[in-house]
Every structure is written in C-alpha cells, then in structure tokens.
Amino acid sequence: MGNSLKAIASFVPSNKCQKYLLEDLEEMPVDKMVDLSGRQLRRLSLHICSFRELVKLYLSDNNLNHLPPELEQLQNLQILALDFNNFKALPLVVCTLKQLCILYLGNNKLCSLPVELRLLQNLKTLWIESNCLQYLPKVVCELSLLKTLHAGSNALRTLPPQLQRLQELRTIWLSGNLLSEFPPVLLDMPFLEVIDVDRNSIRFFPSLAHLPGLKLVIYDHNPCRNAPKVAKGVRRVGRWAEETPEPRKRSGAVIEITLDEKPLLRPATKTEPD
C-alpha cells in the first residue's frame, strides 16, 4: 500500500504529496545527506534545493528526466546520484555544482555530455555506464582530477587520444562495449592501475608489460588468441591467465584451452571520496 501511495504522489505536484515523500525532511539532515532513491519521483521537490549545506544527494532509481534550476543553490554538494532515471541529456544545472567529486549517471539514455561538464574540475569519479554513448565525449578528457571512469555497457568503438591528459586516472572500466582493438591511448597511460575491457570484440592484445602502475587487467569474453603480457605481480582475468598457459601452435593449428569462467572483479558498490 505504501509503494502505491508513493507512486500516486509522484504524479501529483501538490505540497501534501511532496511532504509525504520527504517524510521528516522538514529541516536540514544532520549528516547532510538526502536519499530519495526508488521513490518513483518524476520531479525533484524545490524544498530539497533549500538545504544549502547538503553534501550528498541520492536520486537513483526514479523517473526523473529534468532537474529544477534551483538545484544550483546546492554549492556544497560533493556526491550526486542520478543513475537509473530517464535522462536523455544531462541537465546543465548539474554543471554548476563545482564541488562535485562523484557523479553517477549510469543507466539513463544519454547519447552525449555537454561541454559545460568541464566546469566540474573537482570531479574524481564519473559513472556513465549503460547509456547510449557511441563515443567517449571529449569533455571527459578535460576533467583533470578524474581517478575513476566507469563507461561500460555503451557502444564505444574507440577512445579519444586526448584521454592521455588524465594523469590522475587510475581505473577505467570499459566492459560491454564494441571495441575491436585494444584502445591505443591506454598504452600511453603508465599510471593506470585497473583496465577492464571485458566483453568486447578484441582479437589481439598488445603487451602491457611496460605499464608500471598496472595491477589488474580484465580481458575475458573477447575473441582473442592471446593474453596480454604484463609485468610480474599484475593480475590478469581472462583466458590463458596466470594458472594456464596460452595456446600453443602445432602444425599451424591453435590448440584451444577451455577454462572455467572466473568471477569478474567489478565494482559492486558506489564509492565515496577518500
């Protein structure tokens, strides 16, 4: 019954309904966090925008496709979760929140990102997985403090060479895209620690042994005939990884070795700033 009432309330823009949805949020929460995830909201109450000291705002798993311009008042916001909504374009008001460190945009309908995203120069983690991106927007390459980029489950075929500018980048997740070759730009990013290109269409892997910062490479579920060579101590997840030798050529034929699928090391929870 409670869920039904919330569903009805999200359609009716009345003060009473919004008061019900906000429950006891009449005053600024002590922990400076508001979580309205899974409330079937179609619009964000302006009341939330009055909490000017708010640091974390979770709006995941709703029916939002726009945000009010009053959101700009939340200039202390560091974490904003907009994943699992109906955004076809990122509301420009988000780009005014210059203290943002973490931005979740996954599981929407985004085909691009606005150039105004470059204003978020404190951004360290960006989740844009499970959208409609056919290319990685070049504006991402202007986020100089970015440490973690989740861009899996899109339709990416390549990465822009400008990505090399992100010298703070440590982890990049590209699983479930349309990469037919290992992105060359990643070979020029010695500071990367985690590279995930699982579930793509890569047939050949170049050596990654020259990347001194690399700790983990996930390359499973690609139609490859070789495993990427890595430096000692680097973990590989995929065919012919640590325990099993690569296929040997014998009389011009390749002997395939079947392995049990290993569990993928994928981020299960959302991260917060250090």
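In this report, we go over the structure that sits alongside the text. Everything numeric here is computed off the predicted structure, so don't read it as measured data.

**What to know about the overall build of the protein chain**
Here is step 1 of the chain: Within the protein chain, the secondary structure is distributed over two helices and twelve strands.
Here is step 2 of the chain: Put simply, the protein chain runs from its N terminus to its C terminus through helices and strands in the order α-α-β-β-β-β-β-β-β-β-β-β-β-β.
Here is step 3 of the chain: Across the 274 residues of the protein chain, 47% fall into the buried class.
Here is step 4 of the chain: Taken as a whole, the protein chain presents about 13,800 Å² of accessible surface, with 52% of it coming from carbon and sulfur.

**Some remarks on the environment of Glu181**
Here is step 1 of the chain: Along the chain, Glu181 turns up in the loop between strand S7 (171-173) and strand S8 (194-196).
Here is step 2 of the chain: Considered as a pair, Glu181 and Ser201 are 20 residues apart in the sequence and their alpha carbons are 7.1 Å apart.

**Topic: the packing of aromatic side chains**
Here is step 1 of the chain: Taken as a whole and judged by the stated rule, the model has three aromatic pairs.
Here is step 2 of the chain: Plain terms: the ring middles of Phe205 and Tyr219 are 5.4 Å apart, the flat faces sit at 65° to each other, and that makes the pair edge-to-face. With a gap of 14 residues between them, Phe205 in the loop between S8 and strand S9 (216-218) and Tyr219 in the loop between S9 and strand S10 (235-237) connect regions that are remote in the sequence. In terms of burial, Phe205 and Tyr219 fall into one category: buried.
Here is step 3 of the chain: Here the aromatic cluster, defined as three or more aromatic residues joined through ring pairs, consists of Phe182, Phe205 and Tyr219.

**A look at the sheet that holds strand S5 (residues 125-127)**
Here is step 1 of the chain: Ordered by their spatial adjacency, ten strands build an open sheet running S1-S2-S3-S4-S5-S6-S7-S8-S9-S10, and the pairing between neighbours is parallel. What marks the edges here is a single partner per strand, and that holds for strand S1 (33-35) and S10. With direction set aside, neighbouring strand axes in the sheet form an average angle of 5°.
Here is step 2 of the chain: By the bridge criterion, three bridges tie strand S4 (residues 102-104) to S5 in an arrangement that is parallel. Considered in S5, the bridge of Tyr104 is made with Trp127.

**As for the environment of Gly213**
Here is step 1 of the chain: Tracing the backbone through its elements, the reader meets Gly213 in the loop between S8 and S9.
Here is step 2 of the chain: Through-space distance from the C-alpha of Gly213 to that of Arg170 is 8.5 Å; in sequence the pair is 43 residues apart.
Here is step 3 of the chain: Discounting residues that sit within four places of it in the chain, Gly213 has contacts with Pro190, Leu192 and Glu193.

**Examining the pattern of salt bridges**
Here is step 1 of the chain: Summed over the entire model, instances satisfying the criterion amount to three salt bridges.
Here is step 2 of the chain: Notably, a salt bridge pairs Glu142 with Arg118, separated by 2.8 Å at the nearest N-O pair. Of this pair, Glu142 sits in the loop between S5 and strand S6 (148-150) while Arg118 sits in the loop between S4 and S5, and the two are 24 residues apart along the sequence.
Here is step 3 of the chain: Using a relative accessible area of 28% as the deciding quantity, one classes Glu142 as partly exposed.
Here is step 4 of the chain: Of the residues examined, Arg118 reaches a relative accessible area of 36% and is grouped as partly exposed.
Here is step 5 of the chain: Between Glu193 and Lys215 there is a salt bridge; the shortest N-O distance is 3.9 Å. Residue Glu193 is found in the loop between S7 and S8, and its partner Lys215 is found in the loop between S8 and S9; the two are separated by 22 residues along the sequence.
Here is step 6 of the chain: According to the relative accessible area criterion, Glu193 is partly exposed, its value standing at 25%.
Here is step 7 of the chain: Relative accessible area serves as the criterion here: at 53%, Lys215 is assigned to the exposed category.

**Digging into the side chain of Glu129**
Here is step 1 of the chain: Looking at where Glu129 falls in the secondary structure, it is placed in the loop between S5 and S6.
Here is step 2 of the chain: In this structure, Glu129 is in contact with Gly106, Asn107, His150, Ala151, Gly152 and Asn154, ignoring residues within four places of it in sequence.

**Side note on unusual backbone geometry**
Here is step 1 of the chain: The backbone of Ser153 sits at a positive phi, close to 55°, despite the residue not being glycine.
Here is step 2 of the chain: Relative to the helices and strands, Ser153 resides in the loop between S6 and S7.
Here is step 3 of the chain: Given the relative accessible area of 38%, Ser153 is considered partly exposed.

**A short note on the environment of Ile218**
Here is step 1 of the chain: Mapped onto the secondary structure, Ile218 falls in strand S9.
Here is step 2 of the chain: Of the residues examined, Ile218 reaches a relative accessible area of 0% and is grouped as buried.
Here is step 3 of the chain: Between the C-alpha atom of Ile218 and that of Val237, which follows or precedes it by 19 residues, the distance is 4.7 Å.

How each quantity is defined
Residues numbered from 1 in each chain as written. Predicted model: local features only at pLDDT ≥ 70, side-chain atom pairs only at ≥ 80, totals over all residues. Heavy atoms only, no water. Helix = DSSP H or I, 4+ residues; strand = E, 2+ residues; numbered from the N terminus. Buried < 20%, exposed > 50% of the residue type's maximum accessible area, 1.4 Å probe, protein only. Areas by Shrake-Rupley, 256 points an atom, 1.4 Å probe, with all protein chains shown as cover. Phe/Tyr/Trp six-rings, centres within 6.5 Å; stacked < 30°, edge-to-face > 60°. Pairing = 2+ DSSP bridges. Axes fitted to C-alpha atoms, helices over the stretch in contact; angles between N-to-C directions. Contact = heavy atoms within 4.5 Å. Salt bridge = Lys/Arg side-chain N within 4 Å of Asp/Glu carboxyl O.

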